[in-house]
Amino acid sequence: RMHRKQGTFDDMFAVIEDLHARGFTTPEHTGVTGSSNGGLLTCAVFTQRPDLIGAAVAQVPVCDMVNLGRDPVLLNIVKADYGDPAIAEDAAVMRSYSPVHRVRADTHYPALLCDAGAADTTCPAWHSRKMVAAVEAANSSDRRIRLRVREGAGHNTMTRELFIERDAEELTFFYDELS
C-alpha cells in the first residue's frame with residue numbers, strides 16, 4: 001500500500017519469473033489478468049515488464065494514477081491504498097508506477113485487452129481508453145491492443161449474459177494470443 005505499492009508489482013514479477021525458471025511456461029505463453037486493483041496490477045506488469053508476458057487482460061483497471069482527482073468517487077476510494085495525488089510525496093510515488101505514465105515509445109508490448117464498464121463510477125472507462133490510446137501510439141510490436149467498453153456495465157456489475165459474454169471474449173483473447 002501507499003509508498004510501498006511497487007512491492008506488489010515486484011512480487012508479481014518474481015512469481016512470473018519463477019514460473020518461467022521452473023519451465024512451467026514461457027513469456028510468449030504467459031498471460032496476466034486482474035480486475036479493479038488487479039487491473040492496475042495487470043497494467044503495471046504490462047508496462048514495467050512487457051518481456052515477461054505474451055498477453056494481458058485488465059478488467060475495469062485504474063491506469064492513470066496522476067489524474068485520479070477528476071473522479072471524486074474513485075479518489076476517495078484510492079486515497080487509503082495508493083495515496084492522494086494532490087500531495088506531492090504521494091503524487092511522485094503514484095506517478096512512478098502509473099501505467100499510463102510508464103508507457104514508452106517504440107516498445108515491443110505484448111497483447112492487451114482493457115475491458116471497462118460504461119457506467120463504472122469506481123474505475124471509469126476513461127482509464128482504459130487512455131491506456132489503450134497510449135499503448136497503441138507507443139507499441140512497436142504487431143500484437144493486438146484492444147479496448148472494450150461495455151454498455152450496461154458498471155464496476156463488475158452487469159447482467160448474467162454480459163458476464164458470460166465478457167468471460168468468453170477474454171478467454172478467446174488469451175487463447176488467440178497465447179496458443
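Residues numbered from 1 in each chain as written. Predicted model: local features only at pLDDT ≥ 70, side-chain atom pairs only at ≥ 80, totals over all residues. Heavy atoms only, no water.

### As for the packing of helix α1 (residues 6-21) against helix α2 (residues 37-48)
Put simply, the rule reads: An axis is simply a line fitted to the C-alpha atoms; with a helix, the fit covers only the stretch in contact. Between two such axes, the angle follows the N-to-C directions and lies from 0 to 180 degrees. In this description a helix means any DSSP run of H or I spanning at least four residues, a strand means any run of E spanning at least two, and both kinds are numbered starting from the N terminus. Oblique is the label for any angle not covered by the other classes, which are roughly parallel (under 35 degrees), roughly antiparallel (over 145) and roughly perpendicular (65 to 115). Helix crossings are classified by the rotation of the near helix relative to the far one: an anticlockwise turn of less than a right angle makes the crossing left-handed, while a clockwise turn makes it right-handed. Every residue pair with non-hydrogen atoms within 4.5 Å of one another is taken to be in contact. By the convention adopted, Pro, Cys, Tyr, Trp, Phe, Met, Ile, Leu, Val and Ala count as nonpolar, Lys, Arg, Asp and Glu as charged, and the other residues, Gly among them, as polar.
Contact geometry for α1 and α2: axes closest at 10 Å, N-to-C directions at 70°. Between α1 and α2, the angle is such that the two are roughly perpendicular. Pair α1 / α2 crosses with right-handed handedness. Contact residues: α1 offers Gln6, Thr8, Phe9, Met12, Phe13 and Ile16, while α2 offers Leu40, Leu41, Ala44, Val45 and Gln48. Within the contact of α1 with α2, the residues separate by chemical class into eight nonpolar, three polar and no charged.

### Topic: the pattern of salt bridges
Note the threshold: Whenever a carboxyl oxygen of Asp or Glu lies within 4 Å of a side-chain nitrogen of Lys or Arg, that contact is scored as a salt bridge. Classification of residues uses two cut-offs on accessible area relative to the type maximum, computed with a 1.4 Å probe and protein chains only: under 20% is buried, over 50% is exposed, and between them is partly exposed.
Summed over all chains, the structure comprises 15 salt bridges. Residue arginine 22 is joined to aspartate 18 by a salt bridge in which the shortest nitrogen-to-oxygen separation is 2.7 Å. Classification of arginine 22 as exposed rests on a relative accessible area of 57%. Owing to a relative accessible area of 35%, aspartate 18 belongs among the partly exposed residues under this scheme. The partner of glutamate 177 in a salt bridge is arginine 143, and the shortest N-O contact between them spans 3.0 Å. Of this pair, glutamate 177 sits in helix α7 (residues 160-178) while arginine 143 sits in the loop between α6 (125-138) and β4 (145-150), placing them 34 residues apart in sequence. Judged by relative accessible area, glutamate 177 falls into the buried class, the value being 13%. Using a relative accessible area of 22% as the deciding quantity, one classes arginine 143 as partly exposed. Residues participating in the shared-partner salt-bridge network are Asp115, Arg148, Arg150, Glu165 and Glu169.

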